[in-house]
Amino acid sequence: GVVLKPYPCASASHTAIDAVLQLVQQYRIEAGQVESIRVGVTPVALQALPFSSPRTGWEARSSLTYVVAVALLRGQPLIEQFADHMVQDVEIREMMDRVAVEVTEASGPLTSRASTVTVALSGGRRLHHRVEFARGRPELPLDPEELDAKFLYCSRYILPPDHIEGAIERFRDLENVKDVTSLASILGG
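I will try to describe carefully the structure that is included in this document. (Residues numbered from 1 in each chain as written. Predicted model: local features only at pLDDT ≥ 70, side-chain atom pairs only at ≥ 80, totals over all residues. Heavy atoms only, no water.)

### Let's talk about the pairing of strand β4 (residues 126-131)
The side chains of a regular strand alternate between both faces of the sheet.
Turning to step 1, where the next piece is worked out: When strand β3 (residues 115-121) meets β4, the two strands line up antiparallel, connected through 6 bridges. Bridge assignment links S115 to a residue of β4, and that residue is V131.
Turning to step 2, where the next piece is worked out: Turn length for the β3-β4 hairpin, with the two strands adjacent in sequence and antiparallel, is 4 residues, and the turn residue G123 shows positive phi of about 95°. (Pairing = 2+ DSSP bridges. Helix = DSSP H or I, 4+ residues; strand = E, 2+ residues; numbered from the N terminus.)

### A short note on the state of the cysteines
Turning to step 1, where the next piece is worked out: Here the structure, examined in full by the defined rule, presents 0 disulfides.
Turning to step 2, where the next piece is worked out: Left without a disulfide partner, C9 is nearest to the cysteine sulfur of C154, which lies 12 Å away.
Turning to step 3, where the next piece is worked out: For C9, a relative accessible area of 3% corresponds to the buried category.
Turning to step 4, where the next piece is worked out: By relative accessible area, which is 39% here, C154 ends up partly exposed. (Disulfide = S-S within 2.5 Å. Buried < 20%, exposed > 50% of the residue type's maximum accessible area, 1.4 Å probe, protein only.)

### Comments concerning unusual backbone geometry
Turning to step 1, where the next piece is worked out: The residue R28 is not glycine, and still its phi comes out positive at about 55°.
Turning to step 2, where the next piece is worked out: Within the fold, R28 resides in the loop between α1 (14-27) and β1 (34-41).

### Section: the pattern of salt bridges
Turning to step 1, where the next piece is worked out: Here the structure, examined in full by the defined rule, presents 11 salt bridges.
Turning to step 2, where the next piece is worked out: Of the charged contacts, one joins D89 and R74 as a salt bridge, the two residues approaching to 3.7 Å between their closest N and O atoms. On the criterion of sequence distance, the pair formed by D89 in the loop between α5 (84-87) and α6 (90-96) and R74 in helix α4 (residues 64-74) is long-range, its members being 15 residues apart.
Turning to step 3, where the next piece is worked out: By relative accessible area, R74 is classed as partly exposed at 34%.
Turning to step 4, where the next piece is worked out: Among the salt bridges present, the one from R130 reaches E105, with a minimum N-O distance of 2.8 Å. Residue R130 is found in strand β4, and its partner E105 is found in the loop between β2 (99-103) and β3; the two are separated by 25 residues along the sequence.
Turning to step 5, where the next piece is worked out: On the basis of relative accessibility, which here comes to 39%, the residue R130 falls in the partly exposed class. (Salt bridge = Lys/Arg side-chain N within 4 Å of Asp/Glu carboxyl O.)

### Some details on the packing of aromatic side chains
Turning to step 1, where the next piece is worked out: For the coordinates displayed, the defined rule picks out 2 aromatic pairs.
Turning to step 2, where the next piece is worked out: Here the aromatic rings of F151 and F171 are separated by 5.4 Å at their centres, their planes lie at 80°, and the arrangement is edge-to-face. Taken as a pair, F151 in helix α7 (residues 144-155) and F171 in helix α8 (residues 161-172) lie far apart in primary sequence, 20 residues in all.
Turning to step 3, where the next piece is worked out: Classification of F171 by relative accessible area gives partly exposed; the value is 34%. (Phe/Tyr/Trp six-rings, centres within 6.5 Å; stacked < 30°, edge-to-face > 60°.)

Shape is all these values report; function is a separate question.
In structure tokens, the structure reads:
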């Protein structure tokens, strides 16, 4: 099946991002409450995420410590958070220092990138969440509204607003489009 990445970073980090976002939403976690975060991943995922202390935005895309810190502090990781200057953000760096990554998950043919995230809060409370399949995978596809939002977000600097809306309308009805010339024209700006 087709995999659509909801986040602009290495797909090996997406299950951990989904786990953090779920915990933050479910328990209303605030950064000041967090003492530590343990992220358990598969060997395959760890190998695909080699940067524990990224120096650039490009390295941050393949850094589990960075994306987990960003997800906890800012919510869903966005393109802007992978700019070089964001990697040096003091609040993000401090949260990264609280993130520990280890191999605790077994790789399997269907769950090669499962993650378990444990957040330790001040006062001793520990919250856990495990994600086997990241959003966007065939097992958990993005819904049409999420796809529209991603296209809108990614195209907002390169296409005029009326072209974005026209493209979204045509994408929604793609199976009935007999000639893609008009869609290509819209996407050309």
